[in-house]
Amino acid sequence: MTIDLRSDTVTKPTEAMIRAMAEAEVGDDVYGEDPTVNRLESIAAERLGKEAAMFVTSGTQGNQVAVLTHCVSGDEVIMEANSHIFYYEGGAVAALAGVQTRTLAGVRGALQAADVARAIRGADIHFPRTRLVCMENTHNRAGGAVVAPEQMEAVYETAKRHGAAVHLDGARLFNAAVALGRDVTEFTRHTDSVTVCLSKGLSAPVGSILAGDRAFIEEARWWRKKLGGGLRQAGYLAAPGILALTEMTERLQEDHARARMLADGLRKLGLHVEPVETNIVLVRTESAGLTAEQFLARLAERGVRAVDFDEYVVRFTTHRHIGDQDILKTLEIIESVLTA
Ligand SMILES: *Cc1c(COP(=O)(O)O)cnc(C)c1O
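Everything numeric here is computed off the predicted structure, so don't read it as measured data.

Caption draft 1: Region of the structure containing the pairing of strand 3 (residues 76–80). Among the 5 residues in strand 3, 5 count as buried, and that is most of the element. The alternating pattern of strand 3 places E76, I78 and E80 and V77 and M79 on opposite faces, both of which are buried. Across 5 bridges, the pairing between strand 3 and strand 4 (residues 100–104) is parallel. Across the sheet, residue V77 finds its bridge partner in strand 4, namely T101. In terms of strand pairing, strand 3 meets strand 5 (residues 130–136) through 4 bridges, oriented parallel.

Caption draft 2: Inspection of the domain arrangement of the protein at higher detail. Domain annotation for the protein reports domain 1 (11–247) and domain 2 (251–339). Counting from both sides, the interface comprises 22 residues of domain 1 and, opposite them, 16 residues of domain 2. Summed over both sides, the interface between domain 1 and domain 2 buries roughly 1,600 Å², with carbon and sulfur atoms accounting for 51% of that surface. A per-residue breakdown of the area domain 1 buries against domain 2 is headed by R108, R141 and N175, which together make up 27% of the total. Note that R108 and E277 form a salt bridge whose closest N and O atoms lie 2.6 Å from each other. Joining domain 1 to domain 2, the criterion identifies 10 residue pairs in polar contact (both at pLDDT 80 or more).

Parameters at a glance
- Residues numbered from 1 in each chain as written.
- Predicted model: local features only at pLDDT ≥ 70, side-chain atom pairs only at ≥ 80, totals over all residues.
- Heavy atoms only, no water.
- Buried < 20%, exposed > 50% of the residue type's maximum accessible area, 1.4 Å probe, protein only.
- Helix = DSSP H or I, 4+ residues; strand = E, 2+ residues; numbered from the N terminus.
- Pairing = 2+ DSSP bridges.
- Domains from an automatic or database assignment.
- Contact = heavy atoms within 4.5 Å.
- Buried area = accessible area lost by both parts, 1.4 Å probe.
- Salt bridge = Lys/Arg side-chain N within 4 Å of Asp/Glu carboxyl O.
- Polar contact = N/O pair within 3.5 Å; in protein donor to acceptor, adjacent residues only side chain to side chain.

Dropping the structure here:
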C-alpha cells in the first residue's frame, strides 16, 4: 500500500459522482444543449458570485482562456513570481496570448498593493499596457497559503484605479474559504474573473470552472473553442462537478486538520516545516542531510510518495484518500528515514 501525498489531484470520484455520471442527461455542449453542463455552469456562477461561468478542461485551460480574453498580444500582465500561471503553465501566456509578464515577489504568495501600484505602467509611448493583474489563492508554491479577502481587495482597488482587470487563479479557492470560515464570494468580489478546479480536493475526475461577467464568458467561449476545449456530451463530466461544488467543499477542513497533524509530527521529528494554513505542507530536508530528491527516494522505498518543490523542499498534500492512520504511518516512516 502506498500513501500518496503527491497531490490532491489523485483523488478519485466518489460513488455518488460515478452514479451521477452514469445517470447524467446529456446533449451537445458546443450547441449549448447539454443540460447537465448548463446546470453546472449556473450553479458555479451563483456559488462564485458571478453572472456567468464556463466548464473548462483544466485549471490551466481556465487561466489561459482568461488571459486570452482579457488581453491582446503585447500587453503586460502582473503576476506573483511563484504563481502557477508563471511557473507551471509551460510559458503558455507568452506562447498563446503573446503577453509580457511582470513578476512581483509576494508575501506568502500575496501580491502587495503598493508593489502592484508601482508596477502598473502609466501612459507613455515607450510602455506596454498593463492590462491584467493575476492573483493565486490558495498559493501553491507558498505552501497552500491563504490570501485574505482584505489583501485581495487592496490589489483589486489598485488595479481598477489604473484600468487593469483582475484574474484570480483560485484552483484551491474553496480551501482558502474553508480555512478562514468565509464565503468564496468574499474573495471573488475582488476579481473580474476566477478559475476554480473541480478535480483537486473536491474529487471530480476532470475539469475546472472559469467565471466572470456575461460578456467576458461569451468571449471566453470563443477562446475555449479555439483551444480545442469545446466538448460534446460533457454532461458526463459536469455531473460529478456539480457534486464537487455542492457536497465536497466543507470536508476540505478534514484535509486541513490532517495537514496540521502531519506538520506537528514533522516538527517533533526536528524538521523545519513552513506554516500550514490549508492542505499543503512544505518541509525542508537540509537538517536531515538529504536533498529533496534523496529524501523522496527513501520515502518511496517505504511506500510514501510526495513531490519536490526545490532542492531542499518537499511538498506533501493531504486529500480525501488520506486518513489519520496514513498520517501516523507516514510520520513513522519518516522517523525511520531520519534515524537510518
Ligand atoms: C493545479 C493548479 C492549476 C492548474 O490546474 P490543472 O487542472 O492541473 O491544469 C492552476 N493553478 C494552481 C494554483 C494549481 O494548483
